[in-house]
There are 2 protein chains.
Amino acid sequence: MIPTITAFERSPDHGQGQARDMRVRWALEEVGQPYDVRLVSFKEMKQPAHRALHPFGQIPTYEEGDLALFESGSIVLHIAQHHAGLLPDEANARARAITWMFAALSTVEPPIVDLGVALLLERDQPWYTQRLPIVKDRIRVRLGELSDRLGEADWLDGAFSAGDLMMVTVLRRLNTSGLLNEYPSLSAYVARGEARPAFRRAFDAQLAVFTGASDGR
Amino acid sequence: MIPTITAFERSPDHGQGQARDMRVRWALEEVGQPYDVRLVSFKEMKQPAHRALHPFGQIPTYEEGDLALFESGSIVLHIAQHHAGLLPDEANARARAITWMFAALSTVEPPIVDLGVALLLERDQPWYTQRLPIVKDRIRVRLGELSDRLGEADWLDGAFSAGDLMMVTVLRRLNTSGLLNEYPSLSAYVARGEARPAFRRAFDAQLAVFTGASDGR
């Protein structure tokens, strides 16, 4: 059965692959699962029909037969649990890879989202210039800790996993901030993720929506 | 095998159960799994020995034989996957319950943490008074959407699950803000969670650390 995901009709990042459908596309490409895409407008996202799928009126969603899921973390975990290639077979290694998915979403992403919110919504506020360095320093704390743990390794815990997939997509949100350049090992880590053929296919598919070259598939 | 978790030696919330070990304690109590607790000081949390367990120098951690995990979401999921009582058996319902765990951590908690950061770290900043209503309004958006989805139901999707456990602990962080009172169905939802015997046992255990009545077990 071919699952259907939702993505932005008009990506606010102009096809840089920072919308959260990118995580799901990448996971599906890693495991070789074809998928359909339904594009939704910002208006449609907030309508009852979409909210029935996603209570918070966002993308992505994931529909597969009777199953409907939201939250990119949950969707990627579902894909990883039902296909080979994104989680180790050994039970403890598998639990650790899932831990990195949660670390990406719960510990590393929130201060990065906070920076995005400041840049997008608080730019005209009188405190913007003063507060920005504080927000960036909170991100630096996490990046320093992550860089220390990664060390010289290619991936966070053994082979590439769904944990790396989530972490790379979270770190990519810093692409335009310059912050990642302060941590060369993390820049190289993100580049390793972006060099994976499955990442490229997913990236090209979401970019094609923005350039109008595709209906999203 | 009895797992060992870590918790704050001195809880910054004075035993209100808002530290993230509460989630793990509650999950362990729901499934009837005894556990040991190792208390760590703020200084110890940032030392290499603890960072080997938790790269971001926080609590809780979870050790069970050769397995070491961090991130409360990952630990609760691990417990839920290895014991009956926190996830439905049916595959689709199980995936949806896990989705609510991610929704609690990725969508509902970040603006709530942002409020906590503002209250704790930005109270002396010149923008504090002006920015606070904006931060609170971002939380209200999520609470409104969550309240709409919950409707008249007791729990988010059928029977109580790990998704409710995470959501209740996330919403409890608003206890002192007054925001939850604006959404009576969510206040009642949190109260239902707090009334569960397993919650009470977990709460009492973490409070006993603060009052000095216990070494944390």
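Rules used in this analysis
Residues numbered from 1 in each chain as written. Chains lettered and ligands numbered in written order. Predicted model: local features only at pLDDT ≥ 70, side-chain atom pairs only at ≥ 80, totals over all residues. Heavy atoms only, no water. Phe/Tyr/Trp six-rings, centres within 6.5 Å; stacked < 30°, edge-to-face > 60°. Helix = DSSP H or I, 4+ residues; strand = E, 2+ residues; numbered from the N terminus. Buried < 20%, exposed > 50% of the residue type's maximum accessible area, 1.4 Å probe, protein only. Domains from an automatic or database assignment. Contact = heavy atoms within 4.5 Å. Buried area = accessible area lost by both parts, 1.4 Å probe. Salt bridge = Lys/Arg side-chain N within 4 Å of Asp/Glu carboxyl O. Polar contact = N/O pair within 3.5 Å; in protein donor to acceptor, adjacent residues only side chain to side chain. UniProt positions renumbered as here; feature names shortened; annotations may be inferred. Pairing = 2+ DSSP bridges. Right-handed = clockwise from strand over helix to strand, strands pointing away. Nonpolar A, V, L, I, M, F, W, Y, C, P; charged D, E, K, R; others polar.

## Thoughts on the packing of aromatic side chains
Here's step 1: Here the structure, examined in full by the defined rule, presents 19 aromatic pairs over all chains.
Here's step 2: The interplanar angle of 10 degrees and the centroid separation of 4.6 Å between the aromatic rings of F102 of chain A and F102 of chain B together place this pair among those described as stacked. Here F102 of chain B lies in helix α5 (residues 91-121) and F102 of chain A lies in helix α5 (residues 91-121), a pairing that spans two chains. In this structure, F102 of chain A and F102 of chain B share a single accessibility class: buried.
Here's step 3: Ring centres of W155 of chain A and Y189 of chain A lie 5.8 Å apart, and the angle between their planes is 65 degrees; on these two criteria the pair is classed as edge-to-face. Remark: Y189 of chain A occurs in helix α8 (residues 184-194) and W155 of chain A occurs in the loop between α6 (128-150) and α7 (162-172); sequence separation between them is 34 residues. Summarising the burial analysis for this pair, W155 of chain A and Y189 of chain A share the class buried.
Here's step 4: Members of the aromatic cluster, connected to one another through ring pairs, are W26, W155, F160, Y189, F199 and F203 of chain A.

## Topic: the domain arrangement of chain A
Residue and element names in this part refer to chain A.
Here's step 1: Taken as a whole, chain A is organised into domain 1 (4-85 + 198-211) and domain 2 (91-196).
Here's step 2: Between domain 1 and domain 2, the contact holds 19 residues from the first and 20 residues from the second.
Here's step 3: Carbon and sulfur atoms make up 59% of the surface buried where domain 1 meets domain 2, a total of about 1600 Å² over both sides.
Here's step 4: In terms of surface lost to domain 2, no three residues of domain 1 exceed Q18, R23 and W26, which account for 38% of the buried area on that side.
Here's step 5: Our count for the domain 1 to domain 2 interface comes out at three salt bridges.
Here's step 6: As a salt-bridge pair, E109 and R23 come within 2.5 Å of each other at their nearest N and O atoms.
Here's step 7: The tally of links between domain 1 and domain 2 comes to ten residue pairs in polar contact (both at pLDDT 80 or more).
Here's step 8: Mapped by element, the contributors of at least two residues to the side of domain 1 that touches domain 2 are α1 (21-31), α4 (72-82) and α9 (197-211).
Here's step 9: At six residues, α4 tops the list of elements feeding residues into the side of domain 1 that touches domain 2.

## Describing the UniProt feature "domain: GST N-terminal" (unreviewed entry) in chain A
Here's step 1: The sites that UniProt annotates as "domain: GST N-terminal" (unreviewed entry) are residues 8-87 of chain A.
Here's step 2: The span residues 8-87 of chain A carries 40% helix and 18% strand; its end-to-end C-alpha distance comes to 28 Å.

## Overview of the pairing of strand β2 (residues 36-40) of chain A
All names here are of chain A.
Here's step 1: Both strand β1 (residues 4-8) and β2 contribute to a ladder of five bridges, which runs parallel. Of the residues in β2, the one forming a bridge with T4 is D36.
Here's step 2: In this fold, β1 hands off to α1, which returns the chain to β2; that crossover is right-handed.

## Looking at helix α4 (residues 72-82) of chain B
Here's step 1: The buried count for α4 of chain B comes to nine of eleven residues, which makes it a mostly enclosed element.
Here's step 2: Buried within α4 of chain B we find S72, G73, S74, I75, V76, L77, H78, I79 and A80 of chain B.

## Focus on the pairing of strand β3 (residues 61-64) of chain A
For a regular strand, the rule is simple: side chains alternate between the two faces of the sheet.
Residue and element names in this part refer to chain A.
Here's step 1: Inspection of the sheet shows β1 paired to β3 by two bridges, in the antiparallel sense. Across the sheet, the residue bridging to I5 is Y62, located in β3.
Here's step 2: Of the pairings in the sheet, the one linking β3 to strand β4 (residues 67-70) comprises four bridges and is antiparallel in character. Its bridge partner being in β4, E63 is matched across the sheet by A68.
Here's step 3: Joining the antiparallel neighbours β3 and β4 is a turn of two residues, in which G65 adopts a positive phi near 60 degrees.

## Let's talk about the interface of chain B and chain A
Here's step 1: At the junction of the two partners, chain B supplies 45 residues and chain A supplies 45 residues.
Here's step 2: Summing both sides of the interface, chain B and chain A together bury roughly 3900 Å²; the carbon and sulfur share of this comes to 60%.
Here's step 3: A per-residue breakdown of the area chain B buries against chain A is headed by F56, F102 and W127 of chain B, which together make up 18% of the total.
Here's step 4: At the boundary of chain B with chain A, the tally comes to eight salt bridges.
Here's step 5: Here E145 of chain B ties to R51 of chain A by a salt bridge, and the two come within 2.9 Å at their closest N and O atoms.
Here's step 6: Taken together, the connections running from chain B to chain A amount to 14 residue pairs in polar contact (both at pLDDT 80 or more).
Here's step 7: Elements that contribute at least two residues to the side of chain B that touches chain A include exactly α3 (48-53), β4 (67-70), α4, α5 and α6 (128-150) of chain B.
Here's step 8: The element that contributes the greatest number of residues to the side of chain B that touches chain A is α5 of chain B, accounting for 16 residues.
Here's step 9: Here the residues of the side of chain B that touches chain A are counted per class, giving 23 nonpolar, eleven polar and eleven charged.

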